[in-house]
Amino acid sequence: MTSSEAKQEKITAPFGSWKSPITADVVSGASKRLGGTAVDSLGRLIWLESRPSESGRAVLVREPERPEDEPVDITPKDYAVRTLAQEYGGGAFSVSGDTLIFSNYKDQRLYKQSISSTDSSPMPLTPDYGGPVVSYADGVFDTRFNRFVTVREDRRESSINSTTTIVTVRLDREDIQESETLVVGSDFYAFPRLDPKGERLAWIEWCHPNMPWDMSQLWVGYISEKGEVSKRICVSGSDPAMKESPMEPKWSSKGKLFFITDRKSGYWNLYKWVESTNEVISVYSLDAEFSKPLWVFGLNSYEFLESHGQKNLIACSYRQNGRSYLGIVDDVQGALSLLNIPFTDIDNITLGINCLYVEGASEVHPLSVAKVTLDDHKSKAVEFKVIWSSSPDCLKYESYFSLPELIEFPTEVPGQTAFAYFYPPSNPSYQATQGEKPPLLLKSHGGPTAEARGILNLSIQYWTSRGWAFVDVNYGGSTGYGRDYRERLLKKWGIVDVNDCCSCARYLVDSGKVDGERLCITGGSAGGYTTLAALAFQDTFKAGASLYGVADLNMLRAETHKFESHYIDNLVGSDQDYFDRSPINFADKFSCPIILFQGLEDKVVPPDQARTIYRALKEKGLPVALVEYEGEQHGFRKAENIIFTLEQQMVFFARLVGHFKVADEITPIKIDNLD
């Protein structure tokens, strides 16, 4: 036998027992998160990254002057850039020339800092309220009045019923002043955007019981000589007969207002406002999503490349049939040309000097920021260069990667289908014993108004490289497929999502891809609810893991923060539905093992819910384990907890469902009613 043949000969071992270099340590190190991008006065990229190795601290970083140099941290050691506005934050910083304004995590105050001088200490701009009770987000500079216009959430009176307004913060004062209210009266605001002369302010607002993707309104206010909004006009969203949710207003350099809305077609497309007649006209129509739900502030799905006379060239990204595209729209010709880049999944885009900075990923690229240089005609991408990567080292594991297959499967509703990304087991060194089918881990995503994306995610590759099949389901109610698909979940949360996850698992069993006796389910937050509901009300799965999952819909309704306080009503329905669809009320129906993970500082899903499920299962005699983390909120940010969660899920499923021994040296936690 030649040495190359020996190399190629695979070890035969049961699915799930394979050894993989993609360890939980590797996964946790790869989960740096991105919190937004901007460009400084010299055209250099600035990005916000959160680091698990620093307990999730979020730091602003600047692209180095020379490619061979290291990026430079802008945020001093004692600060972290993160806003808690609307609980989920986003839009935590803004850059104009050399000036940076950011929200500091610990006290939630706004600070001003010079980018170019390395020893510039941040100066506070907003008052100290004795705690993190007033948050700011999504701000823009107002050069006409030398001030900062921003969304403010004030939780001093009540954390559950906070007051949200658009305010101004002075930038020319030595002393710290209270911010001044500019726009007030609605429950929520986002996207305050000034025209180039500072004479008109556009913004998005919405009221209970709507979420911003249900129904919202786009307004324009005219700014007086005193800097106040003197009169205002509703541009989009005022017609009660037309359901729409406008977002992302933006002014061209010529002072024309563009925005994205989903009127008539149910897909978020580009529109512009004709001010003289107060008309809205379509820029480009496509059955595709040019934006996504406003869970966090600061979404940026399009940029103006140039404006000549009446014509604007607009760089934009959109999603269609489970993948993203980057294109250039000519608003006069109504034409779209695609740019060929390696990303198949795109988030935000930021305009640089003769280039675009694109946040994206693909099945072989982890979440990254790439510099896309365009030709002189702005019609082709001539260079694609990754500037930042959430996981720069992960390509060395490429031979282990399982590539997702977009599957369309039948749902319980005749003639209706749903979508998922299926990842088969993949490891160059191993093969399974003949005739064996792999165990399946099905993931139900959070939100639920969100979308699973078919991109390189090492926490999925952790499973597939050990011999698991993995499927990430976009059940009815998910985004990326238009309003009709999104609204399948209205009044049916806990039914449609659960049925679709079970249908997907059965479809994979029927098509011979997975072992029907070893089906497991996992999910976080709303995905944790779908997991618990599937385990309580159906018998498809043999075990489950719930990460900060919702067990009691009534408790969620009573205790959740203002932003989502009516969201659940739209998804559930009557008081009886709340009771009937809460797994916590039907603990007697659980019939398989469950492991629960919970942050003790979680305000979205308080720890009591996990504890109640745990006690009920323990009393029933089912194998159950509960892991609680000090200092974690809704979603785990600390590396050691990301590692522990992944490893303990793996061992739990292996011991209770898998019938194999994992290759990794992991000490299992005690499982009640088993150990």
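Computed from a predicted structure; not experimentally measured.

## So, the overall build of the protein chain
- Counting its regular elements, the protein chain contains 11 helices and 38 strands.
- The C-alpha atoms of the protein chain give 25 Å as radius of gyration, which agrees with the globular expectation for 675 residues (26 Å, within 12%).
- Viewed in the frame of its principal axes, the protein chain has a C-alpha envelope of about 75 × 65 × 55 Å.
- A burial count over the protein chain gives 60% of its 675 residues as buried.
- Sequence separation of at least 24 residues holds for 57% of the intrachain contacts in the protein chain that already meet a minimum separation of 6.

## Some remarks on the sheet that holds strand 20 (residues 269-274)
- In spatial order, the strands read 18-19-20-21; together these 4 strands make up an open sheet with antiparallel pairing. If you trace the sheet from one side to the other, it starts and ends with strand 18 (247-251) and strand 21 (279-284), each paired once. Here the average twist between neighbouring strands, direction ignored, is 30 degrees.
- By the bridge criterion, 4 bridges tie strand 19 (residues 257-261) to strand 20 in an arrangement that is antiparallel. Along strand 20, the bridge assignment pairs isoleucine 260 with leucine 270.

## Regarding the packing of aromatic side chains
- Applying the stated criterion across every chain yields a total of 37 aromatic pairs.
- Ring plane angle 45 degrees and centroid distance 5.0 Å describe the contact between tyrosine 481 and tyrosine 485, whose orientation is recorded as tilted. Accessibility assignment for this pair places tyrosine 481 and tyrosine 485 in one class, buried.

## Section: the state of the cysteines
- Summed over the entire model, instances satisfying the criterion amount to 0 disulfides.
- The closest cysteine sulfur to the non-disulfide-bonded cysteine 355 is located on cysteine 316, 17 Å from its own sulfur.
- Judged by relative accessible area, cysteine 355 falls into the buried class, the value being 4%.

## Some details on the nonpolar core
- Ranked by internal contacts, the top residues of the largest apolar core, which has 111 residues, are Val471, Trp493 and Phe590.
- Aside from chain neighbours lying at most four places away, what touches phenylalanine 590 is Leu532, Leu535, Ala536, Pro583, Ile613, Leu617, Lys620 and Leu622.
- Counting 43 residues, the second largest nonpolar core, distinct from the first, contains Trp463, Phe470, Ala545 and Ile643.

## Quick look at the sheet that holds strand 26 (residues 345-351)
- Pairing is antiparallel across the open sheet formed by 4 strands, whose spatial order is 26-27-28-29. Lying at the two open borders of the sheet, with one neighbouring strand each, are strand 26 and strand 29 (381-389). Here the average twist between neighbouring strands, direction ignored, is 25 degrees.
- The pairing of strand 27 (residues 355-361) with strand 28 (residues 368-374) spans 6 bridges and is classified as antiparallel. Counterpart to glycine 360 in the pairing with strand 28 is serine 368.

## Structural notes on helix 10 (residues 608-620)
- The terminal C-alpha atoms of helix 10 lie 18 Å apart, and with 13 residues this matches the ideal 18 Å at 1.5 Å per residue to within 8%.
- All of the buried residues in helix 10 are Gln609, Ala610, Ile613, Tyr614 and Leu617. Relative to the axis of helix 10, the buried residues are bounded by an arc of 130 degrees and lie together on one face.
- Those residues of helix 10 that are buried are in contact with helix 7 (553-559), strand 37 (594-599) and strand 38 (624-629).
- Downstream of helix 10 by a residue or two, glycine 621 has a phi angle that is positive, lying close to 90 degrees.

## What to know about the UniProt feature "domain: Peptidase S9 prolyl oligopeptidase catalytic" (unreviewed entry) in the protein chain
- Here the UniProt-annotated "domain: Peptidase S9 prolyl oligopeptidase catalytic" (unreviewed entry) positions come out as residues 459-658.
- For residues 459-658, helix accounts for 44% and strand for 14%, while the C-alpha atoms at its two ends are 19 Å apart.

## Overview of the packing of helix 5 (residues 496-510) against helix 6 (residues 526-537)
- Interaxial distance between helix 5 and helix 6 falls to 9 Å at its minimum, and their mutual angle equals 70 degrees. One way to sum up the angle between helix 5 and helix 6 is to call them roughly perpendicular. Judged by residue contacts, Asp497, Val498 and Cys501 of helix 5 engage Tyr529, Thr530, Ala533 and Ala534 from helix 6.
- A per-class count over the contact of helix 5 with helix 6 returns 5 nonpolar, 1 polar and 1 charged.

Parameters at a glance
Residues numbered from 1 in each chain as written. Predicted model: local features only at pLDDT ≥ 70, side-chain atom pairs only at ≥ 80, totals over all residues. Heavy atoms only, no water. Helix = DSSP H or I, 4+ residues; strand = E, 2+ residues; numbered from the N terminus. Rg over C-alpha atoms; globule rule 2.2 N^0.38 Å. Buried < 20%, exposed > 50% of the residue type's maximum accessible area, 1.4 Å probe, protein only. Contact = heavy atoms within 4.5 Å. Pairing = 2+ DSSP bridges. Axes fitted to C-alpha atoms, helices over the stretch in contact; angles between N-to-C directions. Phe/Tyr/Trp six-rings, centres within 6.5 Å; stacked < 30°, edge-to-face > 60°. Disulfide = S-S within 2.5 Å. Core = buried A, V, L, I, M, F, W, Y, C linked by side-chain atoms within 4.5 Å. Expected span 1.5 Å × (residues − 1). Arc of directions from axis to C-beta. UniProt positions renumbered as here; feature names shortened; annotations may be inferred. Parallel < 35°, antiparallel > 145°, perpendicular 65-115°, else oblique. Nonpolar A, V, L, I, M, F, W, Y, C, P; charged D, E, K, R; others polar.

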